[in-house]
Amino acid sequence: MTGSTSASTSGAGGSTGSGSGVEPTFETVKFVIENVTCFGAGCHNDEMNRLDLQLDEDLHTRLVSHMTEDCGPLVDTANPQESALIKILKGPCGSTPRMPLECVNDGDAKCVPDDYIEAMTQWIADGAKE
């Protein structure tokens, strides 16, 4: 999430809502899932991962249909702020700790930057399209 890596896509419609340049797209969501790691690249692909975030061709389908055990739907287009995907990036949700695990306080280098969380929230609000 640091350095020159960008999830911005050219030609994608929509607004970021933050003016940060991070596009509210599925590509941004995949970027965050693929690049924010807890215990290395295998964390999200672990079959024991309760959030069901395996990085494969079915990721979008799982994002918009998976119900977490104690944090509600991963994506809730009717109430984007209540989406487990967003709640978990901002703080613990039920028994699921804040992600990524090394993120302790807002603004920590290990946390997902606010502009990415805002773009992900906007993607959900826009209907969570693939």
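From a predicted model like this one, the values you see are computed outputs, not experimental measurements.

## Overview of the overall build of the chain
Inference 1: Along the backbone of the chain there are four helices and zero strands.
Inference 2: Going from N to C terminus, the chain has its helices and strands arranged as α-α-α-α.
Inference 3: Among the 130 residues that make up the chain, the fraction classed as buried is 41%.
Inference 4: Excluding contacts between residues fewer than 6 apart, the proportion of contacts in the chain whose partners are at least 24 apart in sequence is 47%.
Inference 5: Entry remark: accessible area of the chain is about 6,800 Å², with carbon and sulfur atoms responsible for 48%.

## Quick notes on helix 4 (residues 114-125)
Inference 1: Between the first and last C-alpha of helix 4 there are 16 Å, a value that for 12 residues agrees with the 16 Å anticipated at 1.5 Å per step.
Inference 2: Taken together, the buried positions of helix 4 are occupied by Tyr116, Ile117, Ala119, Met120, Thr121, Trp123 and Ile124.
Inference 3: Close packing links the buried residues of helix 4 with helix 1 (26-35), helix 2 (59-65) and helix 3 (84-90).
Inference 4: Looking at the residues trailing helix 4, positive phi occurs at Gly127, about 110°.

## Some thoughts on the nonpolar core
Inference 1: Core analysis: the biggest nonpolar cluster contains 27 residues, and Val29, Leu63, Val75, Met120 and Trp123 have the highest contact counts within it.
Inference 2: Among the elements that take part in this core, helix 4 stands out by supplying six residues, more than any other.
Inference 3: If sequence neighbours within four positions are ignored, Leu63 has contacts with Phe26, Val29, Ile33, Leu53, Leu74, Val75, Leu85 and Trp123.

## Notes on unusual backbone geometry
Among all residues save glycine, negative phi is the norm, and among peptide bonds the norm is trans.
Inference 1: Looking along the chain, the bond that leaves Met99 and enters Pro100 is cis, with omega of -10°.
Inference 2: With respect to the element layout, Pro100 can be found in the loop between helix 3 and helix 4.

## Overview of the packing of aromatic side chains
Each aromatic ring pair is characterised by the separation of its centres together with the angle its planes make.
Inference 1: Within the structure shown, the criterion is met by two aromatic pairs.
Inference 2: Here Phe31 and Tyr116 contribute two aromatic rings whose centre-to-centre distance is 5.7 Å and whose plane-to-plane angle is 25°, an arrangement assigned as stacked. Taken as a pair, Phe31 in helix 1 and Tyr116 in helix 4 lie far apart in primary sequence, 85 residues in all. The burial state of Phe31 is the same as that of Tyr116; both residues are buried.

## Things to note about the state of the cysteines
Inference 1: A complete count under the given rule lists two disulfides for this structure.
Inference 2: One disulfide in the model links Cys71 with Cys93; its S-S distance is 1.6 Å. Since a negative S-S torsion denotes a left-handed disulfide, the Cys71-Cys93 link at about 110° is right-handed. Here Cys71, found in the loop between helix 2 and helix 3, pairs with Cys93, found in the loop between helix 3 and helix 4; they are 22 residues apart in sequence, far enough to count as distant. Both residues of the pair, Cys71 and Cys93, belong to the buried class.
Inference 3: Across the disulfide, Cys103 is cross-linked to Cys111 (sulfur-sulfur distance 1.9 Å). An S-S torsion of about 90° defines the bridge between Cys103 and Cys111 as right-handed. In terms of burial, Cys103 and Cys111 fall into one category: buried.
Inference 4: Counting only the cysteines that form disulfides, in the order they appear in the chain, gives the pairing 1-2, 3-4.

Reading the values: the criteria
Residues numbered from 1 in each chain as written. Predicted model: local features only at pLDDT ≥ 70, side-chain atom pairs only at ≥ 80, totals over all residues. Heavy atoms only, no water. Helix = DSSP H or I, 4+ residues; strand = E, 2+ residues; numbered from the N terminus. Buried < 20%, exposed > 50% of the residue type's maximum accessible area, 1.4 Å probe, protein only. Contact = heavy atoms within 4.5 Å. Areas by Shrake-Rupley, 256 points an atom, 1.4 Å probe, with all protein chains shown as cover. Expected span 1.5 Å × (residues − 1). Core = buried A, V, L, I, M, F, W, Y, C linked by side-chain atoms within 4.5 Å. Phe/Tyr/Trp six-rings, centres within 6.5 Å; stacked < 30°, edge-to-face > 60°. Disulfide = S-S within 2.5 Å.

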